[in-house]
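Structural description and commentary
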Amino acid sequence: MKDITLGQYFPMDSVVHRMDARFKIVITLLYLVMLFLGQRIYCILAGLLFTVIATLCSKIPFQMILRSLKPIIPILLFTGILNLLLLGGGDVLWQWKFLKITTEGLQTSVFMVIRICLLIAGTALLTYTTSPITLTDAIEYLLSPLKRLKMPVHELAMMMTIALRFIPTLIEETDKIMAAQKARGADMESGNLLQRAQALVPILIPLFVSAFRRAEELALAMECRCYHGGEGRTRLRILQSGARDYIALGFTLLLFAAVILLNTFL
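Computed from a predicted model, the values in this text were never measured in an experiment.

Our focus in this paragraph is the packing of aromatic side chains. Using the criterion set out here, one finds 3 aromatic pairs in the structure. Geometrically, the ring pair formed by Phe 10 and Tyr 128 is edge-to-face, given 5.0 Å between the ring centres and 80° between the ring planes. Remark: Tyr 128 occurs in helix H6 (residues 103–128) and Phe 10 occurs in the segment before helix H1 (15–18); sequence separation between them is 118 residues. Classification of Tyr 128 by relative accessible area gives buried; the value is 0%. Ring centres of Phe 23 and Tyr 246 lie 5.0 Å apart, and the angle between their planes is 75°; on these two criteria the pair is classed as edge-to-face. Of this pair, Phe 23 sits in helix H2 (residues 21–37) while Tyr 246 sits in helix H12 (residues 243–265), and the two are 223 residues apart along the sequence. With a relative accessible area of 12%, Phe 23 lands in the buried category. Of the residues examined, Tyr 246 reaches a relative accessible area of 52% and is grouped as exposed. One Lys or Arg, Arg 22, reaches over the ring of Tyr 141 and ends 4.4 Å from the middle of that ring.

This is the structure in structure tokens:
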């Protein structure tokens, strides 16, 4: 549970930290689309190159990126095995009854695992290098055209940011509840899958109660501070773009175009 770093912000003095949050969100979206459009090894290598360069520029230790991948290891194993055994095509490398491993299944499995790893690493960098308040302002700015459709853009941006902000808090709360239940003699590691699921009930109930209590306290605190949505609100920090933002966006667009061309003509 402690290895889940989604939603955490690490303040540092780096080029990526100083970038405009709006550009970082757009670059992250282009990066995600680029990962799943490419079907060749060159496209995967381009995504890996982008991730390494962004991590080096952000001064975030690679150990933190690897730590963010640790909680999804079961998902990676399940996805890899599922694609490996159920996809056909190409030469048969191994077969047992209806299960078989083919060259196409092996390639698809490896590519899918690498894509998921790069996806988590890229999106983790966004939250690592952007504070929740700045992220809220950037999301609200990018969604501002929806205001003409009477969409509550500010409220949506605030909800998404609060959800990201409280992920580490809920993880810490879960860890405390599990430690308290184990101290009372609860056994959560033995038995079959159904017994382990039943053992989670004493954890989920107090966790939900704590989450609703925190939500009520947050709503009360916002009301006491006369919060009435985005109407008439001012910002402490105004989002400003610079040369580094346009350079980063231009580099991402070039890489995106290169991936499309490689995927089309090779």
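Close contact between helix H3 (residues 41–58) and H6 brings their axes to 10 Å; oriented N to C, the two are set at 25°. Between H3 and H6, the interaxial angle falls into the category roughly parallel. Crossing geometry of H3 relative to H6 is assigned as left-handed. Residues Ile 41, Ile 44, Gly 47, Leu 48, Thr 51, Ala 54, Thr 55 and Ser 58 of H3 touch H6, and the partners they reach there are Phe 111, Ile 114, Arg 115, Leu 118, Ala 121 and Leu 125.

Turning to the packing of H2 against H12, a few remarks are in order. Interhelical geometry of H2 versus H12 gives an angle of 10° and a closest axis separation of 10 Å. In this view, H2 runs roughly parallel relative to H12, as classed from their interaxial angle. Contacts from Phe 23, Val 26, Ile 27, Leu 30, Val 33, Met 34 and Leu 37 of H2 reach H12 at Asp 245, Tyr 246, Ala 248, Leu 249, Thr 252, Leu 253, Leu 255, Phe 256, Val 259, Ile 260 and Asn 263.

Core analysis: the biggest nonpolar cluster contains 16 residues, and Ile 27, Tyr 31 and Met 34 have the highest contact counts within it. Residue assignment for this core shows that the elements contributing at least two residues are H2, H3 and H12. Broken down by element, the residue count for this core peaks at 6 residues, all from H2. When neighbours within four sequence positions are excluded, Ile 27 is seen to be in contact with Met 19, Phe 50, Ala 248, Leu 249 and Thr 252.

Let us now look at the pairing of strand E1 (residues 92–96). In this structure, E1 lies alongside strand E2 (residues 99–102), joined through 4 bridges in antiparallel fashion. Looking at E2, one finds that Gln 95 is bridged to Lys 100. Between E1 and E2, which pair antiparallel and follow one another directly, the connecting turn spans 2 residues, one of which, Lys 97, has a positive phi of 55°.

Moving on, we come to the pattern of salt bridges. Summed over the entire model, instances satisfying the criterion amount to 5 salt bridges. Close ionic contact of Arg 22 with Asp 20 constitutes a salt bridge, the shortest N to O distance being 2.5 Å. For the residue pair Arg 22 and Asp 20, the accessibility class agrees, reading buried in each case. In this structure, the salt-bridge partner of Lys 176 is Glu 172, at a minimum N-O distance of 3.7 Å. With Lys 176 and Glu 172 both in helix H9 (residues 167–183) and 4 residues apart, the pair spans about one turn of that helix. Accessibility expressed as a relative area gives 47% for Glu 172, which makes it partly exposed.

Within the fold, Thr 129 resides in the loop between H6 and helix H7 (132–142). The exposure class of Thr 129 is buried, given its relative accessible area of 3%. The residues touching Thr 129, leaving out its near neighbours within four places in the chain, are Tyr 9, Val 16, His 17, Lys 24, Ser 58 and Ile 60. A polar contact of 2.7 Å, which involves the side chain of Thr 129, links it to the backbone oxygen of Leu 125.

Each value, and the rule that gives it
Residues numbered from 1 in each chain as written. Predicted model: local features only at pLDDT ≥ 70, side-chain atom pairs only at ≥ 80, totals over all residues. Heavy atoms only, no water. Phe/Tyr/Trp six-rings, centres within 6.5 Å; stacked < 30°, edge-to-face > 60°. Helix = DSSP H or I, 4+ residues; strand = E, 2+ residues; numbered from the N terminus. Buried < 20%, exposed > 50% of the residue type's maximum accessible area, 1.4 Å probe, protein only. Lys NZ or Arg CZ within 6 Å of the ring centre and 35° of its normal. Axes fitted to C-alpha atoms, helices over the stretch in contact; angles between N-to-C directions. Parallel < 35°, antiparallel > 145°, perpendicular 65-115°, else oblique. Left-handed = near helix turned anticlockwise from the far one by under 90°. Contact = heavy atoms within 4.5 Å. Core = buried A, V, L, I, M, F, W, Y, C linked by side-chain atoms within 4.5 Å. Pairing = 2+ DSSP bridges. Salt bridge = Lys/Arg side-chain N within 4 Å of Asp/Glu carboxyl O. Polar contact = N/O pair within 3.5 Å; in protein donor to acceptor, adjacent residues only side chain to side chain.

Shape descriptors only; they carry no functional weight alone.
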